[in-house]
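# A look at the structure
Each chain is listed here by its residues.
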Amino acid sequence: MSGSLIGRLAGIRRRSPWIRRAGVLSGALMLSVGGLTAVPAAADDGPIVTTRYGKVQGKAGEAANSYLGIPYAAPPVGERRWRPPSPPARWSGVRDATEPGNPCMQHPSDTPWGDLTGPGTPSEDCLYLNVYTPARRSLRKRPVMVWIHGGGFTVGSGAFYGGGTLAAKGDVVVVTLNYRLGAFGYFAHPDLTKESPHGTSGNYGLLDQQAALRWVRQNIAAFGGDPGNVTIFGESAGGGSVCHNLISPLSTGLFHRAIAQSGCGFPLPARADQERSGAAWAESLGCADVACLRGKSAEEVLNASTAPNVRWVPNVDGKVLPRQVTEALDRGLFHRVPVLQGTTADEGRLTVASTYDLAGRQLTAEGYPVAVRAVYGDRTDEILARYPLSDYGTPAEALGAVFTDSQFSCSQSQTARLAAKHTRSYQYEFADRNAMDYLNLPISFPIGAPHGSEIRYVFGDVSGTPAQKALSDRMLKYWTNFARTGVPYALGAPRWERFPKVQILAPDAIAPSTTFPQDHKCDLWLGSAS
């Protein structure tokens, strides 16, 4: 859910810690010795893998092995703050890889699933990744799936998501990663643009992701992965990041398939606009130049980054991101790999729950048009005519439908359609309306299948009804076989047709749909482009 939407709603209710999710949704201390890095000795047991930077010793599991907290870039601290990532230092000995590295700088995020920060203490020294491999040996190199976490570009970590079950059940190598967030990852400033050899600034988080993908290309074969068959996948801001990499010239050759979950074509600001807002933000800290800002502590930068008038997102800079995602897809100016993308059936209900019930209040019939007007202004009457309360069980469900269609469903339908002009394009809608029942959230309306509810189905971590477990198994196979071949299929599951058909993923009810744009009133949100 876009931060701007949440900001406009903020004026009609008091703020709750749950909003952080809706609005966004320990590494070893190393000492340099003779060009190498000394690290604490690893335990005596556990599998050892040799990377180009040194050996790592992970943890053996019954079904999957894990290698955690592997540095893919040098710590972006001091003079490296707000610069592109540099390669990590080599180390001597065997590095312990049984604990994840620090998450990147962020405030705690209170969400239905827990704190998205994950394990460890937030730090600027955070550019680590985690590798999960099936415990069973294979003579063939396995497909690689690189997960890019969501969190509105301001919270989250790779270690929040365990990849062992996905690796074991899908017979793939899974990589999860951290990337710089908030002001640390997306601050643009004229001084930074001047010092950049490419005349850009503000896309450091995206550059981190690309550095991790280069690490994968160079090292993943040692873990049994195929560097020639890499899939990037992510949700929300992670889905947006997948599409940013899809159109970035700097990611050429780094991946071969792409999966964007609940995010792709979010509009981005231009670099010049981000520079202006960045310069104003710097002045609010009493800094006229970047040197002053680099002298600030990480905590000072983090605390100042919550200013309401600053938006920490990637920008169209002409180099890392040459143009908007939708324009690039329309013109075919992207890496023409197979693309799978989709949304959940009730994306927007998480925002409504966070804004109202989880903040201690309920949305009333009288409050419904007020909430719509707070976000959509002059379009309110037109929207209310298409989303009358009489069509929904509660005002919360009506507002959730407005948010779902306007913020997610129709824009994802558009990017699937544009991609289909140039490559194999597949679209889905996750529709398990009981996906969140296990959390027993204190809300007054059915939350359905909201934003983020499909993730655990993909990762294979579902402990629900037999039908839900079966849906998770099929989704895991669809995803991993797409990574393997570029075609989403699962033995014994319904065939998944290309766009314009949309695969509806529901318990005991997987089937194609041809009415997705009509079901989500995309003519209202996209006009003739729907």
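Pairing within the open sheet is mixed, and its 3 strands lie in the order 3-4-7. Because the sheet does not close on itself, it has two edges, and the strands there are strand 3 (48–51) and strand 7 (94–96). The mean angle between the axes of side-by-side strands here comes to 35 degrees, regardless of whether they run parallel or antiparallel. Alignment of strand 4 (residues 54–57) against strand 7, held across 3 bridges, turns out to be parallel. Within strand 7, the residue paired with Lys 55 across the bridge is Val 94.

Turning our attention to the sheet that holds strand 12 (residues 257–261). Across the sheet, 10 strands lie side by side as 5-8-10-9-11-12-13-14-15-16; this open sheet has mixed pairing. This sheet does not close on itself; its edge strands, each paired only once, are strand 5 (64–71) and strand 16 (511–513). Neighbour-to-neighbour, the strand axes of the sheet open up by a mean angle of 25 degrees, direction not taken into account. Of the pairings in the sheet, the one linking strand 9 (residues 142–148) to strand 11 (residues 225–235) comprises 6 bridges and is parallel in character. Paired with Val 146 across the two strands is Ile 232, which belongs to strand 11. Across the sheet, helix 15 (residues 395–420) is in contact with strand 12, strand 13 (339–344) and strand 14 (425–430); its angle to strand 13 comes to roughly 165 degrees.

This structure, assessed with the given rule, holds 4 disulfides. Through a disulfide, Cys 104 is tied to Cys 126; the S-S separation comes to 2.1 Å. Judged by the torsion about the S-S bond (85 degrees), the Cys 104/Cys 126 disulfide is right-handed. A residue pair is termed long-range when its members are at least 10 positions apart, and Cys 104 in the loop between strand 7 and strand 8 (128–134) and Cys 126 in the loop between strand 7 and strand 8 qualify at 22 residues. For the pair Cys 104 and Cys 126, one class covers both residues: buried. A sulfur-sulfur distance of 2.2 Å marks the disulfide that ties Cys 410 to Cys 522. Here Cys 410 and Cys 522 share a disulfide; its torsion about the S-S bond, -90 degrees, makes the bridge left-handed. Of the two residues, Cys 410 is situated in helix 15 and Cys 522 in helix 19 (residues 522–526); the sequence distance between them amounts to 112 residues. The same class applies to Cys 410 and to Cys 522, which are both buried. What links to what in the protein: the bonded cysteines, counted in sequence order, pair as 1-2, 3-4, 5-6, 7-8.

With their axes 10 Å apart at the nearest point, helix 13 (residues 367–376) and helix 15 run at an angle of 20 degrees to one another. In terms of orientation, helix 13 lies roughly parallel with respect to helix 15. You can see that helix 13 and helix 15 cross each other, and the crossing is right-handed. On helix 15, the residues that touch Tyr 368, Ala 371, Val 372, Val 375 and Tyr 376 of helix 13 are Pro 395, Ala 398, Leu 399, Val 402, Phe 403, Ser 406 and Gln 407.

Within a regular strand, side chains alternate between the sheet's two faces. With 6 of 6 residues buried, strand 14 lies mostly within the body of the structure. A two-sided burial pattern is seen for strand 14, the buried positions comprising Ser 425, Gln 427 and Glu 429 on one face and Tyr 426, Tyr 428 and Phe 430 on the other. Bridging between strand 13 and strand 14 involves 6 bridges; their strand directions are parallel. Considered in strand 14, the bridge of Gln 341 is made with Gln 427.

Here the focus is the side chain of Ser 513. By the element assignment, Ser 513 lies in strand 16. Note on Ser 513: relative accessible area 12%, which makes it buried. Among the polar contacts listed, one links the side chain of Ser 513 to the backbone nitrogen of Thr 515, at a separation of 3.2 Å. Discounting chain neighbours no more than four positions away, the residues touching Ser 513 are Pro 500, Lys 501, Val 502, Ile 504 and Asp 519.

Bringing the pattern of salt bridges into the picture now. In a structure, side chains of opposite charge can pair up when their charged atoms sit close to one another. For the structure shown, the criterion picks out 20 salt bridges. Among the ionic pairs, Arg 180 bridges to Asp 208, the shortest N-O distance being 2.8 Å. Pair noted here: Arg 180 is in the loop between strand 10 (173–177) and helix 4 (182–186) and Asp 208 is in helix 6 (residues 204–219), with a separation of 28 residues, a long-range link. An identical accessibility class is assigned to Arg 180 and Asp 208; each is buried. Arg 331 is paired through a salt bridge with Glu 327; the nearest N and O atoms lie 2.7 Å apart. With Arg 331 and Glu 327 both in helix 11 (residues 325–331) and 4 residues apart, this pair spans about one turn of that helix. Through salt bridges that share partners, Glu 79, Arg 83, Glu 195 and Arg 294 make up one connected network.

Once that is clear, we can look at the confidence of the model for the protein. For the protein, the mean per-residue pLDDT works out to 92, and 91% of the residues sit at or above 70. Note that pLDDT drops below 50 for residues 12–35; the model gives that stretch 78 contacts with residues more than four away or on any other chain.

Let us look at helix 13. Among the residues of helix 13, those classed as buried are Gly 367, Tyr 368, Ala 371, Val 372, Val 375 and Tyr 376. Mapping the buried residues of helix 13 onto a view down its axis gives an arc of 150 degrees, with all of them on the same face.

Moving on, we come to the side chain of Gln 209. When you line up the elements, Gln 209 lands in helix 6. Residue classification places Gln 209 among the buried residues on the basis of a relative accessible area of 1%. Leave out the neighbours within four places in its chain, and Gln 209 touches Ile 148, Leu 177, Tyr 179, Tyr 186, Ser 241 and Asn 245.

Here the focus is the nonpolar core. Core analysis: the largest hydrophobic core is formed by 75 residues, its most contacted members being Val 131 and Trp 215. Not counting residues within four places of it along the chain, the set of residues in contact with Val 131 comprises Asn 65, Ser 66, Tyr 67, Ile 70, Val 173, Val 174, Val 175, Trp 215, Ile 220 and Phe 223. In this structure, Tyr 426, Phe 459, Leu 471 and Leu 505 belong to the second largest nonpolar core, which totals 40 residues.

Here is what the cut-offs are and how they apply
- Residues numbered from 1 in each chain as written.
- Predicted model: local features only at pLDDT ≥ 70, side-chain atom pairs only at ≥ 80, totals over all residues.
- Heavy atoms only, no water.
- Pairing = 2+ DSSP bridges.
- Helix = DSSP H or I, 4+ residues; strand = E, 2+ residues; numbered from the N terminus.
- Axes fitted to C-alpha atoms, helices over the stretch in contact; angles between N-to-C directions.
- Contact = heavy atoms within 4.5 Å.
- Disulfide = S-S within 2.5 Å.
- Buried < 20%, exposed > 50% of the residue type's maximum accessible area, 1.4 Å probe, protein only.
- Parallel < 35°, antiparallel > 145°, perpendicular 65-115°, else oblique.
- Left-handed = near helix turned anticlockwise from the far one by under 90°.
- Polar contact = N/O pair within 3.5 Å; in protein donor to acceptor, adjacent residues only side chain to side chain.
- Salt bridge = Lys/Arg side-chain N within 4 Å of Asp/Glu carboxyl O.
- pLDDT = per-residue confidence, 0-100.
- Arc of directions from axis to C-beta.
- Core = buried A, V, L, I, M, F, W, Y, C linked by side-chain atoms within 4.5 Å.

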